[in-house]
Structure formats: structure tokens, C-alpha cells
Amino acid sequence: MLRIDVLTIFPALFDAFLETAFVGVARSQRAAEIRVHDLREWARDRHRSVDDTPYGGGPGMVMTPEPLGPAIESLAGPKGPDRAGHVVALSPQGRTLTQARLAELASGPPLLLVCGRYEGIDQRVLEIAVDEEISLGDFVLSGGELPAMVLIEGLVRLLPGVLGNPESLQTESFGGGDFLEGPQYTRPPVYRGLAVPEVLRSGHHAEIERWRRDQALARTCERRPDLLDGADREESPGSRSGGDADSGRVRPGGSRTTQDNRDAAD
């Protein structure tokens, strides 16, 4: 079973998310246990404070060592070899999330996701209590709650029996390698003068598979050439069988983050 705890100052943000779509299915099937905790429950003052002004000056507030440090240790234990779980802070300074890292986390120990806010988390907490920082990419959000949801859904989709068709994991972007998924079509065969490529209606499975890989390569060359190694770049997508490589959908992966640290998490 996938076990995830979430530490946040906005637990209500997760209510509908945990009951909906694949995440709700996984919980109902007892394939995943996900618990959300309010950081303010560990606060000791009457204002339930979780932040303070930064040393050295500057705008905004910083999440304080207490109650955050004790809250993390209460849920995951002290940092070290005897810790049973893995503590992840959603952070703009973190390692970029990839499909490969999702697979590693899904097969690893229970997770505690720490959702930062404000200007960030006091560095001492990150050093004393956090095992890893993860970011989604080069854009700015106000906190770690949405990135935590992205991480949770990415993990849940990898659980056996959660997806209706497990082959989806291999054919979608990054599922069968470092390629974006190519264009997809459904009925009707012609829409506003645009026809579904003939090869997809041919019933020739080998040709369809070849076309899909060619389109995936073409799309990746155009939109994410950084994903391709030298051998793949030498292939010429334009010389391959037809279809509009610009149609369909793309689910881009993360890229290296350089976010401004006004948000505490990506």
C-alpha cells in the first residue's frame, strides 16, 4: 500500500482532491492511505504561529523551526538511518520531479510531504528534518499544496489496478522512455475538415505502432529536444509517415527550477 502524509497550513485544500478521480479510487480500493495534517496543531502559542520575519531583512515571512521541525519528527521520526519514512519538502530549490523519480518514490518507504509557504522554510529545518526537496519546474506558485497534489496523483497512477488500462502507463508521455506522447484522435473521423490520419484507421497494428513512435519522436524533437540523446536526434522525423505532429496533447515533464524564492514551494 502507498502511504503518504501531508503537512500543510491549508488542509482543507485537499478535501475534494482526495475524494476524486484516480486518487479517490486508490483510497477506496485501499491501495493508498493518504492523511493530511494541519501544521498549526503543533503550534504552542495562542496565535498558532508558524512563521516569523527573516534574519537579514527582506520582504515576507519565513516558516519557523518550531512548530515545523517537531511536527515532521512527530509524523516521520528523527532524520537518520532508523527513520521509517522519507520526508519531501516541495521547494523551488529542489530536484526536478521526473517520471523516473515518481517510480522510485512509489516503490520506496512511506512519504511525508511538507508544503512550504511564505518566503520559504528555515534552512535549519531542511537540514535537520527533511530528506529531499522536490520542485515541479520553472514557474512560481504561492505554496507547496498544489505541487503535493501533483506528486500524489503521479504516484497513485502507478499503483497496480488503479488505471482502467495499465498499458496507458507505457504509451503516454515519459511512460515508455523519454518521449512526449504523440497526437491522439477519437470519433468522428472528420471534424471541421480535419481527418484522422489514415494509418490509424487502417487496422494495421504494426504500422500504427510505427506511426505513433514516429510522431512521438517528432513532437519531442520539436518541443523537448533536451530529452533526446544524440542517436535519437540523428533520426529525421520529417521523413517519416504523415500526420500533424502539432495536434493532440502533451503532458510536459519538469525542467530545472530557478524559481524566485518568494514562494516556499513550487
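For the structure itself, consult the block above.
Attention now moves to the overall build of the chain. When helices and strands are counted, the chain shows nine helices and nine strands. Here the chain holds 266 residues, and the buried ones make up 43% of them. For the chain, contacts bridging at least 24 residues in sequence account for 77% of all contacts bridging at least 6. As displayed, the chain offers around 14500 Å² of accessible surface, 51% of which is attributable to carbon and sulfur atoms.

In this structure, Arg-224 sits in the loop between helix H8 (205-223) and helix H9 (230-234). According to the relative accessible area criterion, Arg-224 is buried, its value standing at 13%. Side chain to side chain, Arg-224 and Asp-226 meet in a polar contact 2.8 Å long.

On to the packing of helix H2 (residues 21-28) against helix H6 (residues 145-156). In the contact formed by H2 and H6, the axes pass within 9 Å of each other and the chain directions differ by 60°. With respect to H6, the axis of H2 lies oblique. The element H2 and its partner H6 pack so that their crossing is left-handed. For the pair H2 and H6, the contacting residues are Phe-22, Val-23 and Ala-26 in the first and Ile-152, Glu-153 and Val-156 in the second.

Turning to the nonpolar core, a few remarks are in order. Grouped together as the largest cluster of nonpolar side chains are 29 residues, with contacts concentrated most on Ile-4, Phe-14, Ile-34, Leu-113, Ile-152, Leu-155 and Val-156. At the level of elements, strand S1 (2-8), helix H1 (15-19), H2, strand S2 (32-38), strand S5 (86-96), helix H4 (99-106), strand S6 (111-115) and H6 are the ones that each hand at least two residues to this core. Tallying contributions element by element places H6 first for this core, with six residues. Excluding its chain neighbours within four sequence positions, the residues that come into contact with Ile-34 are Ile-4, Leu-18, Val-23, Arg-27, Ile-152 and Val-156. The next biggest cluster of nonpolar side chains, apart from the first, holds 18 residues, and it includes Ala-71, Ile-72, Ile-121 and Val-130.

The next subject is the sheet that holds S1. Across the sheet, five strands lie side by side as S2-S1-S6-S5-S7; this open sheet has parallel pairing. One side of each edge strand has no neighbouring strand; the edge strands of this open sheet are S2 and strand S7 (132-135). Here the strands of the sheet are splayed against their neighbours by 30° on average, with no regard to which way each runs. Pairing of S1 with S2 involves seven bridges; the strand directions are parallel. When the bridges of S2 are listed, Arg-3 appears paired with Glu-33. Contacts between H4 and the sheet are confined to S1, S5, S6 and S7, with S5 contributing the most and set at about 170° to the helix.

Okay, H2 next. Helical geometry note: an α-helix holds 3.6 residues per turn, so side chains three or four residues apart project in the same direction. Looking at H2, one finds that the buried residues are Val-23, Gly-24 and Ala-26. Buried residues of H2, viewed axially, fall in a sector of 160°; they line one side. Exposed and oriented more than 90 degrees from the buried face of H2 are Ala-21 and Ser-28. Of the surrounding secondary structure, the elements contacted by the buried residues of H2 are H1, S2 and H6. Arg-30 sits one or two residues past H2 and shows a positive phi near 60°.

For the rest of this paragraph, the subject is the packing of H4 against H6. As a packed pair, H4 and H6 sit with axes 9 Å apart at the nearest point and diverge in direction by 75°. Overall, the two elements H4 and H6 adopt an arrangement that is roughly perpendicular. Judged by residue contacts, Leu-102, Leu-105 and Ala-106 of H4 engage Leu-151, Gly-154 and Leu-155 from H6.

What follows is about the pairing of S5. Within S5, nine of the eleven residues are buried, which leaves it mostly tucked inside the rest of the structure. Inspection of the sheet shows S5 paired to S6 by five bridges, in the parallel sense. Across the sheet, His-86 pairs through a bridge with Leu-111, a residue of S6. In this fold, the crossover linking S5 to S6 by way of H4 has right-handed handedness. As defined by bridge partners, S5 adjoins S7 across five bridges and the pair is classed as parallel. Counted as the bridge partner of Leu-90 is Ile-134 from S7.

It is worth spelling out unusual backbone geometry at this point. Cis peptide bonds are those with omega within 30 degrees of zero, and the linkage from Glu-66 to Pro-67 qualifies with 15°. Along the chain, Pro-67 turns up in helix H3 (residues 65-76). A cis amide bond links Arg-187 to the next residue, Pro-188, at an omega of 5°. Tracing the backbone shows Pro-188 in the loop between helix H7 (168-171) and strand S8 (190-191). One non-glycine residue, Tyr-118, lies in the positive phi region at around 60°. With respect to the helices and strands, the residue Tyr-118 is situated in the loop between S6 and helix H5 (123-129). Residue Tyr-118 is classed as partly exposed on the basis of its relative accessible area of 27%. Non-glycine residue Arg-192 carries a positive phi angle of around 50°. With respect to the helices and strands, the residue Arg-192 is situated in the loop between S8 and strand S9 (194-195).

How each quantity is defined
- Residues numbered from 1 in each chain as written.
- Predicted model: local features only at pLDDT ≥ 70, side-chain atom pairs only at ≥ 80, totals over all residues.
- Heavy atoms only, no water.
- Helix = DSSP H or I, 4+ residues; strand = E, 2+ residues; numbered from the N terminus.
- Buried < 20%, exposed > 50% of the residue type's maximum accessible area, 1.4 Å probe, protein only.
- Contact = heavy atoms within 4.5 Å.
- Areas by Shrake-Rupley, 256 points an atom, 1.4 Å probe, with all protein chains shown as cover.
- Polar contact = N/O pair within 3.5 Å; in protein donor to acceptor, adjacent residues only side chain to side chain.
- Axes fitted to C-alpha atoms, helices over the stretch in contact; angles between N-to-C directions.
- Parallel < 35°, antiparallel > 145°, perpendicular 65-115°, else oblique.
- Left-handed = near helix turned anticlockwise from the far one by under 90°.
- Core = buried A, V, L, I, M, F, W, Y, C linked by side-chain atoms within 4.5 Å.
- Pairing = 2+ DSSP bridges.
- Arc of directions from axis to C-beta.
- Right-handed = clockwise from strand over helix to strand, strands pointing away.

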